[in-house]
Amino acid sequence: MIFVWGRKPVYSHAGYVADYCPVCRAARAFSVQRIGMAWHLWYITVTKGELAGYQRTCCDCGMVLPMETGHYTRLSAEQLPLVQLEQTTNPHLSIRHADALAAAARMREAPLLLDESERRRQIDAALRLQADALDEYESATRLDREVWWSIGGAFAFCVVVLMALRQQAPENMDNGFIIAFFLGLGAVAWQLSQMGERFLQRELLPKLARSLAPLQPRQGEIDDAMQRLHSQGRKLAKRIDSTRIMQSLR
Ligand SMILES: [Zn+2]
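Residues numbered from 1 in each chain as written. Predicted model: local features only at pLDDT ≥ 70, side-chain atom pairs only at ≥ 80, totals over all residues. Heavy atoms only, no water.

Chemist: I tried to follow the domain arrangement of the chain on my own but got confused; where do I start?
Modeler: Interface size is commonly expressed as the accessible area that is lost once the parts come together. Taken as a whole, the chain is organised into domain 1 (1–109) and domain 2 (113–250). On a C-alpha basis, the centres of domain 1 and domain 2 stand 23 Å from each other. If you look at the interface, domain 1 gives 14 residues, while domain 2 gives 13 residues. In total, about 1,200 Å² of surface goes out of reach between domain 1 and domain 2, with carbon and sulfur atoms giving 59% of it. Viewed at the interface, domain 2 and domain 1 are joined by 2 salt bridges. Across the salt bridge formed by Glu118 and Arg106, the nearest N and O atoms sit 2.8 Å from each other. At the surface where domain 1 touches domain 2, the tally comes to 3 residue pairs in polar contact (both at pLDDT 80 or more). Ranked by residues supplied to the side of domain 1 that touches domain 2, first place goes to helix 3 (residues 98–109) with 3 residues. (Domains from an automatic or database assignment. Contact = heavy atoms within 4.5 Å. Buried area = accessible area lost by both parts, 1.4 Å probe. Salt bridge = Lys/Arg side-chain N within 4 Å of Asp/Glu carboxyl O. Polar contact = N/O pair within 3.5 Å; in protein donor to acceptor, adjacent residues only side chain to side chain. Helix = DSSP H or I, 4+ residues; strand = E, 2+ residues; numbered from the N terminus.)

This is the structure:
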């Protein structure tokens, strides 16, 4: 019998904090997840695992960011209104992120009046954030819902084919099952191959667009920023181009 076992991260809800979100470019409520490394057997875990760290997820845009628990006075059990959440969990937020908050305010007021170097810095930072998110996504083995559905569908299809053959043409059961199995496998492989594209479309591009929108970037600025990203050897530069970014901004 083949045992598939090892350790995998288990995420469990731990509370809420207020912090700065670089995608929303504002103070936001974040839900906090405890990351535990737990033993699994066929990817099934029973414990929350040994503490490996925490992450925070913006309640507005869904951006997941690493988290240093020492920055907060405590975690809140409830998602309080933002001002209250800030007072109870992160009273120094506005001081710690004074520069970013001031830059965001300037951007909202007159984005095109920001000087070139600041615009470049902001565009680069927005791209770098998503380049990191893509690296993080690709570093872990996780399957999205379409892949799980295709695995379930392939399994059900094989069972149905087997049952039908058993009743109608038992002499063809072996060949029939092999064909059904490879058709199912093909469907799963197809869904797996599309998973990265779905992540770009659903998760990455909307967040990138959200963080870039207040800057109202020109195509030329995005072209240059993508070239810089490319020269740094970042994967994101190979997955999307500036035209696609401009389309997501519309
Ligand atoms: Zn956000």
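Chemist: Mind showing me how you'd approach the pattern of salt bridges here?
Modeler: It is possible for side chains bearing opposite charge to pair when their charged atoms get close. Taken as a whole and judged by the stated rule, the model has 19 salt bridges. With its nearest N and O atoms 2.7 Å apart, the salt bridge here joins Arg119 to Glu221. A residue pair is termed long-range when its members are at least 10 positions apart, and Arg119 in helix 4 (residues 116–139) and Glu221 in helix 7 (residues 219–231) qualify at 102 residues. The buried category is assigned to Arg119, whose relative accessible area is 1%. (Buried < 20%, exposed > 50% of the residue type's maximum accessible area, 1.4 Å probe, protein only.)

Chemist: Please explain the environment of Val46 as it appears in this structure.
Modeler: With respect to the secondary-structure elements, Val46 resides in the loop between strand 2 (26–41) and strand 3 (50–58). Look at Val46 and you get exposed, because its relative accessible area is 79%.

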